[in-house]
Amino acid sequence: MSILKVARMGHPVLRARAKAVEKSVVRQPLFQKLIDDMIETMFEYHGVGLAAPQIHEGVRLFVGLLEEEPGPDSDAVVVINPEIVPQSPSTADGWEGCLSIPDIRGMGPRHTDILVRALDRDAKPIELKLKNFAARVAQHETDHLDGVLFFDRMKSFESLTFLEEYSRYHAKDDEG
């Protein structure tokens, strides 16, 4: 497996709409290696999600830790060609960061209860019912597949902060 180079904000791949993945491609060894490399890269950079455009691949694929409170033993979920269906109109503001925008955090709204329809790494259909943090991760990564960055979702840039200041002044707001 390999650690992949992460595209940073400003690279055109992050603003392009990714192409759907054909079922026949999913089981191919090269695509399976891409999945494994993305998972390894996400863990290497201590991320909770990573979309294919972030590693310079314009396909509709992301990997993520889709648990309410992911920990060091969490398994990455593979999501191919996701479709997000909000399960209620409720949204909540929450802090987000991005491996493509290192050391920056900002507050933005996301649906709190969603259904994700997709394919798994075996090209089998899956449905994931996600709430709160896990729903935020899935929406953030799916946005990458549409060329959208979390900055685009922010209502205001007043909350935009460097990671060090986030840790000093705002992280306590996220704790229980």
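Above this text is the structure in question.
Residues numbered from 1 in each chain as written. Predicted model: local features only at pLDDT ≥ 70, side-chain atom pairs only at ≥ 80, totals over all residues. Heavy atoms only, no water.

> Looking at this structure, how should I read the sheet that holds strand β2 (residues 61-64)?
The strands making up a sheet are joined through hydrogen bonds of the backbone, oriented either antiparallel or parallel. Taken together, 5 strands build an open sheet; the order of strands is β1-β2-β3-β6-β7 and the sheet is antiparallel. The outermost strands of the open sheet, each flanked by one partner alone, are β1 (49-51) and β7 (125-131). Here the average twist between neighbouring strands, direction ignored, is 40 degrees. Where strand β6 (residues 113-119) lies against β7, 7 bridges are found, and the strand directions are antiparallel. Looking across to β7, one finds that Ala118 is bridged to Ile126. Running at roughly 40 degrees to β2, helix α2 (residues 29-44) makes contact with β1, β2 and β3 (77-86) of the sheet. (Pairing = 2+ DSSP bridges. Helix = DSSP H or I, 4+ residues; strand = E, 2+ residues; numbered from the N terminus. Axes fitted to C-alpha atoms, helices over the stretch in contact; angles between N-to-C directions. Contact = heavy atoms within 4.5 Å.)

> Help me understand the pattern of salt bridges in this model?
Pairing between side chains of opposite charge can happen when their charged atoms approach one another. In this structure the tally under the stated criterion is 14 salt bridges. Between Arg117 and Glu83 there is a salt bridge whose closest N-O contact spans 3.8 Å. Highlighted residues: Arg117 in strand β6 and Glu83 in strand β3, separated in sequence by 34 residues. Under the relative-accessibility criterion, Arg117 is labelled partly exposed at 34%. Here Glu83 falls in the partly exposed class, since its relative accessible area comes to 42%. For Arg168, the salt bridge goes to Glu164, with nearest N and O atoms at 3.2 Å. In this pair, Arg168 and Glu164 both sit in helix α5 (residues 163-174), 4 residues apart, roughly one turn of the helix. Residues joined in a network through salt bridges with shared partners are Glu96, Arg110, Arg136, Asp143 and Arg153. (Salt bridge = Lys/Arg side-chain N within 4 Å of Asp/Glu carboxyl O. Buried < 20%, exposed > 50% of the residue type's maximum accessible area, 1.4 Å probe, protein only.)

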